[in-house]
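Listed here are the chains, written in short residue letters.
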Amino acid sequence: MERKCLWKKTGVILLTLTMTAGLLTGCGGKSSSSDPSASTEKKEQANDNDASSASEGEKVFYYGDTTFNAENDEPDVNPHYGYSGWACIRYGIGETLFKYSDSMELEPWLATEYENVDENTWTITLRDGVTFTSGRALDAEAVKECLDDLVNVHERAKGDLKIKGMTADGQTLTIETQEPVPALINYLSDPYGCIIDMEAGVTDDGNVSATGPYQATKVETDKGLTLIKNEDYWNGTPHLDTIYVKTITDGDTMTMSMQSGELDGAYGLPYASLSLFENDPYTISSVETSRSFYGTINYESEILQDENVRRAIAGAIDKENFTRVLMNGNGSPAVGPFPASFTFGDSTVTAQEYDPEFSKKLLADAGWKDTDGDGYVEKDGEKLTIRWLTYPSRQELPLLAESVQATLKEIGIDVQVNNTANHLDFVDSGDWDIYASAMVTAPTGDPEYFFTTHCLDDSTVNWGGYHSDKLEKLEEKMSIAFDAEERSELATQMAQTILDDNGYIFASHLKMSIVSGEGVTGLTAHPCDYYEITADLDKN
Amino acid sequence: MSMEEKITVRKQKVVKSHTRQKLFFFGGLAIAVLLVAAFAPYLTPYDPYEQDLSKALLPPGNGHLLGTDRYGRDMLSRVIMGSQTTIFSALLLVVIITIVGGAVGIFCGWHGGKLDAFLMRVSDIFLAFPGMVFAIAVASVLSGGVINAVVALACISWPKYARITRSQAMMIKHLPYISAAKLSGSGTWKIVWKHIVPNIAGPVIVTAVLDIGTMIMEIAGLSFLGLGAAPPTAEWGSMMSNGRSMLQTSPWVILSPGCAIFLTVIIFNLAGDTVRDVLDPKQRKR
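Remember, it's a predicted structure, so these values are computed and weren't measured experimentally.

Draft legend 1. Structural context of the overall build of chain B. On a plain count of helices and strands, chain B comes out with ten helices and zero strands. In sequence order, the secondary structure elements of chain B are arranged as α-α-α-α-α-α-α-α-α-α. Overall size of chain B, expressed as C-alpha extent along the three principal axes, is 75 × 55 × 30 Å. Per-residue burial over chain B gives 44% buried out of 286 residues. Excluding contacts between residues fewer than 6 apart, the proportion of contacts in chain B whose partners are at least 24 apart in sequence is 72%.

Okay, here's the thing in structure tokens:
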């Protein structure tokens, strides 16, 4: 009997030891940099579904990204669909007629120059010697076909460009607009302006033939892309043979993939993880961008139609601490839609400052008082509750939601957070009071874009139904202003108008960071937020 | 009494005494955990929901025994407060599935017939699905929240209790004392309530107590996936989920609720084992 008991105990101890050893070995299994084959093996395992595995001597790059997914309205790389143009340009597939320098000034790209013949007419001279991956040469006719399709199928582009007609003549394209569009060249440099070959068309999976250093061979929504080198690229020779772009929406998974060597580069790592990549062999490229995190007020909501309530909310959001602590300093507190680096940026406008006591007073003035002592204010027996809609694919937004929930509670407002990937359906249904989202407010370097897409009566994404006569009048002036200084001045007034109305509450501007692994060069964050994979990208 | 019989009796007394000690010990621990959960609001050293970003991610010590989270909230306070959400929702879940599953099982066992066959096929369908996957699907449809997580888990967990009580009820209903009760004119309700329920309670209670640990894990699992407690509610699963990205940089944020789950589940499992030893001595290890 005793012997049986002894066997049992020995068995239990051995089993425990084996499990512990297994656990420690599994957790401690970090790939050694002295054994590159181990890392390659892992990557090949990770890509066992890809038909084209790396052959000897081939340069393969693995890139992790959080944004290539339907949730971000980027289901494929067709620039004429939603925000897919961002994926098209970000991964080096498509190029626009002009591009932005590091200081967000326009530079030639597929076009060499433009001329503003009169208020409504522009001529654009295209570069010689550029071919699409389909083999077709880039000429004015190809660009015309592309832009014709764009304005036919893309509401935002149609509203921005206001193209009346186009004439193609060799390498010269003449564009006639319905009315003056001073920012036409900026709009043409938006990712939706990637020039694609319409003769080759768009495949069922949303793939296109364009002019960038890489072309997609496999497009899988929410999963990733396989890119191969464009052998006939016009502007140098891309260094990498194959790039696997992997959509990894979970930041922690991406962190561990980067640490284990499964990824060579990553965008969208959690802020808490960035400190893990500060030292060799990793490098971090960071840059201030105009991506803003902001709340849109729903004017359909009866509670928020009260100016005092909107202002009280704006004054109860602790932007400084949100940016410094929760974003780990990877951004700057926002005043208006544009960062201070722009001439029409934060330094030129004012907004309600963080002042909870003043916010409480505003609520009291509006008749909201805590009558039952539960810490929340009421009016006519109804508790002041705000439905805060947001989504998880931008890691900052859930943090902002929880931070706002706490700071608004201090002034007696109950915030119910709805953090869902399904946010666009909720936006459409109107089942929200404040919609917190992230957006690059000046992707084209021009301020008009934000207002025309978000704040005007005919804006395509004026989710909250914001209306201001003053803003409409300012936009009328902006739409015909060609002088850069005048545009900046108008932009400042327009931003101030929406801030005075508290129709939008801006929390923070993002500092974008891309992490590169060992031996990676040429992966640099750009202020526009959408140039990532270029012909310069290399891995040694 | 022969020597062998004396030894057997003595051994039984020792085992009984040992079981009683275990019951006191683990039962005491389980009650202690329940008391902590019940009086959580009075035991927390700080307000578990008050943010103070100037104290974000403080390591254990410095006036915060388990450190602070990214919002500067005291982890110990949140772990204590989280016990209330997690444990009480697990208890609520166990009570619901015991009552619902038990009622269905007794009805089927007592009544029999086509309805019994139908309800058992329904329970077969539920048992055929992988439990957690089904719970995730139900919780997704119900759009999260602790109560919805409890409902989702209740949907998948009741058949086990229905099976146990049905088999017990079927066994008991043919025993002579039930026939005697019928002959003495007792009605169905009276027989079920006075004779069946008390006699099948043992195995059901053992199963229920053993299930508390499992249910704590499953509720925490759903919350970890974002389908349980919504922010800022202190709940162990969602606390672990929120701390995931800081596992390497601020491990206390995820280890505190993790250890709380670990210890609580162990306590309830061992308490469940002991209750089984007491109520169901035949199953006891020899």
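That was the structure; now back to the text.
Draft legend 2. Representation of the confidence of the model for chain B within the structure. Of the residues in chain B, 95% have a pLDDT of 70 or more, and the chain-wide mean is 89. Looking over chain B, one finds the lowest element-wise mean pLDDT in helix α1 (residues 3-38) of chain B, namely 82, and the highest in helix α2 (residues 40-43) of chain B, namely 95.

Draft legend 3. A look at the interface of chain A and chain B. Contacts between chain A and chain B engage 20 residues on the former and 13 residues on the latter. Carbon and sulfur atoms supply 52% of the area buried between chain A and chain B, which totals about 1,600 Å² over both sides. If you sort the residues of chain A by the area they bury against chain B, A:D252, A:A272 and A:E402 come out on top, with a joint share of 32%. Put simply, chain A and chain B have three salt bridges between them.

Draft legend 4. Structural detail: the pairing of strand β1 (residues 60-65) of chain A. All names here are of chain A. Counting buried residues in β1 gives six out of six residues, a clear majority hidden from the surface. Bridge analysis of β1 against strand β10 (residues 242-247) gives six bridges, and the strand direction is parallel. Among the inter-strand pairings, Y63 is bridged to a residue of β10, identified as V245.

Draft legend 5. Broad picture of the packing of helix α3 (residues 75-111) of chain B against helix α4 (residues 113-128) of chain B. Residue and element names in this part refer to chain B. Remark: α3 packs on α4, axes separated minimally by 8 Å, with the N-to-C direction vectors making an angle of 140 degrees. Our classification of the angle between α3 and α4 gives oblique. Like other packed secondary-structure pairs, α3 and α4 cross with a definite hand, here left-handed. Along its contact with α3, which presents V104, F107, C108 and H111, the element α4 presents G113, L115, D116, L119 and M120. Each residue belonging to the contact of α3 with α4 can be placed in one class, and the counts come to six nonpolar, two polar and one charged.

Draft legend 6. Quick peek at empty space enclosed by the protein. Residue and element names in this part refer to chain B. Taken as a whole and assessed by the stated rule, the structure comprises five cavities of 30 Å³ or more. Here the largest cavity is characterised by a volume of approximately 90 Å³. Taken together, D69, R70, Y71, R73, M75, R78, M239, N242, G243, M246 and V253 make up the full set of residues lining the largest cavity. Sorting the residues of the lining of the largest cavity by element identifies α3 and α9 (236-243) as the ones contributing at least two each. If you tally residues by element for the lining of the largest cavity, the top one is α9, at three residues. Across the lining of the largest cavity, the residue classes tally to five nonpolar, two polar and four charged.

Draft legend 7. Broad picture of unusual backbone geometry. Residues and elements named next belong to chain A. In this chain, D280 is followed by P281 through a cis amide linkage whose omega measures 5 degrees. When you line up the elements, P281 lands in the loop between α8 (271-274) and β12 (283-297). Unusually for a residue other than glycine, D222 sits at a positive phi of about 70 degrees. Here D222 shows up in the loop between β8 (214-220) and β9 (224-229). Exposure remark for D222: the relative accessible area of 42% places this residue in the partly exposed category. One non-glycine residue with positive phi stands out, namely N502, at about 50 degrees. Mapped onto the elements of the fold, N502 is located in the loop between α16 (484-500) and β19 (504-516).

Draft legend 8. Structural detail: the packing of aromatic side chains. Residues and elements named next belong to chain A. Within the structure shown, the criterion is met by 32 aromatic pairs over all chains. Taken together, a centroid distance of 5.2 Å and an interplanar angle of 85 degrees make the contact between Y530 and Y531 edge-to-face. For Y530, a relative accessible area of 0% translates into the label buried. Owing to a relative accessible area of 6%, Y531 belongs among the buried residues under this scheme. Through successive ring pairs, a cluster of aromatic residues spans Y294, Y299, F338, F342, F344, F450, F451, Y466, Y504 and F506. The ring of Y376 has K383 lying over it, and the distance from NZ or CZ to the ring centre is 4.7 Å.

Draft legend 9. Local environment of the side chain of A:Q259. Here A:Q259 lies in helix α7 (residues 251-260). The buried category is assigned to A:Q259, whose relative accessible area is 18%. Here B:Q248 takes part through its side chain, which lies 2.7 Å from a polar atom of the side chain of A:Q259.

Draft legend 10. Structural context of the pattern of salt bridges. Inspection of the entire model under this criterion finds 31 salt bridges over all chains. For A:R90, the salt bridge identified is with A:E74, shortest N-O distance 3.0 Å. Taken together, the residues span a long stretch of sequence, with A:R90 in helix α3 (residues 84-90) and A:E74 in the loop between β1 and α3 at a distance of 16 residues. Each member of the pair, A:R90 as well as A:E74, carries the same accessibility label: buried. In this structure, B:D116 and B:R166 form a salt bridge, with 2.8 Å as the shortest nitrogen-oxygen distance. Placement of the pair is B:D116 in helix α4 and B:R166 in helix α6 (residues 146-172), with a sequence separation of 50 residues. The two residues B:D116 and B:R166 agree in class, both being buried.

About the thresholds
Residues numbered from 1 in each chain as written. Chains lettered and ligands numbered in written order. Predicted model: local features only at pLDDT ≥ 70, side-chain atom pairs only at ≥ 80, totals over all residues. Heavy atoms only, no water. Helix = DSSP H or I, 4+ residues; strand = E, 2+ residues; numbered from the N terminus. Buried < 20%, exposed > 50% of the residue type's maximum accessible area, 1.4 Å probe, protein only. Contact = heavy atoms within 4.5 Å. pLDDT = per-residue confidence, 0-100. Buried area = accessible area lost by both parts, 1.4 Å probe. Salt bridge = Lys/Arg side-chain N within 4 Å of Asp/Glu carboxyl O. Pairing = 2+ DSSP bridges. Axes fitted to C-alpha atoms, helices over the stretch in contact; angles between N-to-C directions. Parallel < 35°, antiparallel > 145°, perpendicular 65-115°, else oblique. Left-handed = near helix turned anticlockwise from the far one by under 90°. Nonpolar A, V, L, I, M, F, W, Y, C, P; charged D, E, K, R; others polar. 1 Å grid on protein atoms, 1.4 Å probe; cavity = no way out; pocket = protein on both sides within 12 Å on 5 of 7 lines; lining within 4 Å. Points joined across faces, edges and corners; volume = space filled by probe spheres on them. Phe/Tyr/Trp six-rings, centres within 6.5 Å; stacked < 30°, edge-to-face > 60°. Lys NZ or Arg CZ within 6 Å of the ring centre and 35° of its normal. Polar contact = N/O pair within 3.5 Å; in protein donor to acceptor, adjacent residues only side chain to side chain.

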